[in-house]
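Observations on chain architecture
Read off the chains here:
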Amino acid sequence: NRKNAAEDKHGESMEYLKIANWSRWQTWRSDRGQPPWIKLHRILIRNPEWISLSDSQRGQLVCLWMLAADHGGKIPDNEHYLESVLVLSKKLHLQPFIDLGFIEKRRQRDAKLTPERRQPDANLTPQSREEREREKKRVDNYVPSPTDDGSAPDDAVFITFPTNIKEAECPIFRSQVDGWIATFPAVQVEQQIMEARQWAIDNPTKRKTYRGMTKFINSWLSRRQNAGGSSVARVKMSQEERIKEIEGRASK
């Protein structure tokens, strides 16, 4: 067993493995010691990369996440060592997790690198830079901060919206819908949300990003509110006004 999985006997810098977006998904502060748990977000079941894994690979990946929690999101780059520590019954292959973006290869002693090596983009060809930017946008669009959607931990999903990423849908939570109902009283919010979803289905080239979905729905409802509200809401409001007027006359 290596004494330090990220450093050889001569103290030279070696590659190790890091869980991608660890600090974004796991919020346990390092100054509190080792976390007793890790967060496993429900949106994972709609992640195309996660879906492409076998059942055993998904179990292995969760085990790697639990091990990484003890080391700030890092794991040793040693499959045999990991198999032993995690007591896995099946052979561990890390490359599929790296290829799908769940695990990244980093260097431990980046501080000793030259300025040129600290900024790898400077040496990229235009084509490589475009590929990296596309990948960054894909990850950023699909994996938002868990608090960005405004949902509570046990919040129910009202409906899901197709996004600009194939097979990835954005959940809209009941608490969000309730907030919009209070904000746009002249609009039949639930009906308008379903109409907005149908528009997204019918216009695949104009679908929004995961991060931009809340803004899209908010703008959709705002336009309906500014236009005088939905017809059903206007009828309902006029009926209530008539009832109040009749009651007022009867009391005189």
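Residues numbered from 1 in each chain as written. Predicted model: local features only at pLDDT ≥ 70, side-chain atom pairs only at ≥ 80, totals over all residues. Heavy atoms only, no water.

1. Observations regarding the pairing of strand β5 (residues 169–173)
Most of β5 sits out of view: four of its five residues are buried. The sheet contact formed by strand β4 (residues 157–162) and β5 spans five bridges and is antiparallel. The partner of I159 across the bridge, within β5, is I172. (Buried < 20%, exposed > 50% of the residue type's maximum accessible area, 1.4 Å probe, protein only. Helix = DSSP H or I, 4+ residues; strand = E, 2+ residues; numbered from the N terminus. Pairing = 2+ DSSP bridges.)

2. A word on the packing of aromatic side chains
Overall, the coordinates contain six aromatic pairs when judged by the stated rule. Ring geometry for F161 against F216: centres 6.5 Å apart, planes inclined by 75°, an arrangement best described as edge-to-face. With F161 in strand β4 and F216 in helix α10 (residues 213–226), this residue pair connects regions lying 55 residues apart in the sequence. Note on F161: relative accessible area 0%, which makes it buried. Three or more aromatic residues joined by ring pairs form one cluster here, namely F161, W199, F216 and W220. One residue, R224, lies across the ring of W220, its end atom 4.3 Å from the ring centre. (Phe/Tyr/Trp six-rings, centres within 6.5 Å; stacked < 30°, edge-to-face > 60°. Lys NZ or Arg CZ within 6 Å of the ring centre and 35° of its normal.)

3. Things to note about the environment of R223
Within the secondary structure, R223 sits in helix α10. Classification of R223 by relative accessible area gives partly exposed; the value is 45%. For R223 and V187, which are 36 residues apart along the polypeptide, the C-alpha to C-alpha distance reads 9.8 Å.

4. With respect to the pattern of salt bridges
The tally for this structure, following the rule as stated, stands at four salt bridges. Measuring nitrogen to oxygen at the nearest pair gives 3.9 Å for the salt bridge that ties D55 to R58. Remark: R58 and D55 occur in helix α3 (residues 55–68); sequence separation between them is three residues, near one turn of the helix. Assessed through its relative accessible area of 64%, D55 is described here as exposed. Looking at R58, the relative accessible area reads 23%, which means it is partly exposed. (Salt bridge = Lys/Arg side-chain N within 4 Å of Asp/Glu carboxyl O.)

5. Overview of unusual backbone geometry
With a phi angle near 55°, N21 is a residue other than glycine that sits in the positive phi range. The residue N21 is located in the loop between β1 (15–19) and α1 (22–25) in this model. Phi at V87 takes a positive value of approximately 55°, unusual for a residue other than glycine. Along the chain, V87 falls in the loop between α4 (79–86) and α5 (95–99). What makes V87 exposed here is its relative accessible area of 71%.

6. What about the confidence of the model for the chain?
Of all residues in the chain, 63% attain a pLDDT of 70 or more, and the chain-wide mean is 74. Averaged pLDDT values over the elements of the chain bottom out at 39 in helix α6 (residues 115–118) and peak at 93 in helix α9 (residues 189–202). Note on residues 1–14: pLDDT under 50 across the span, and 23 contacts to partners over four residues away in sequence or across chains. Considering only residues more than four positions removed or in separate chains, one finds that residues 108–124, a stretch of pLDDT under 50, has 20 contacts. (pLDDT = per-residue confidence, 0-100. Contact = heavy atoms within 4.5 Å.)

7. Comments concerning helix α8 (residues 174–183)
Buried within α8 are the following residues: Q176, V177 and W180. Summarising the axial view, the buried residues of α8 lie within an arc of 100°, below the 170-degree limit, and thus occupy one face. (Arc of directions from axis to C-beta.)

8. Looking at the environment of P76
Residue placement: P76 occurs in the loop between β2 (74–75) and α4. Its relative accessible area of 12% is what places P76 among the buried residues. In this structure the C-alpha to C-alpha distance between P76 and L64, which are twelve residues apart in sequence, comes to 10.0 Å.

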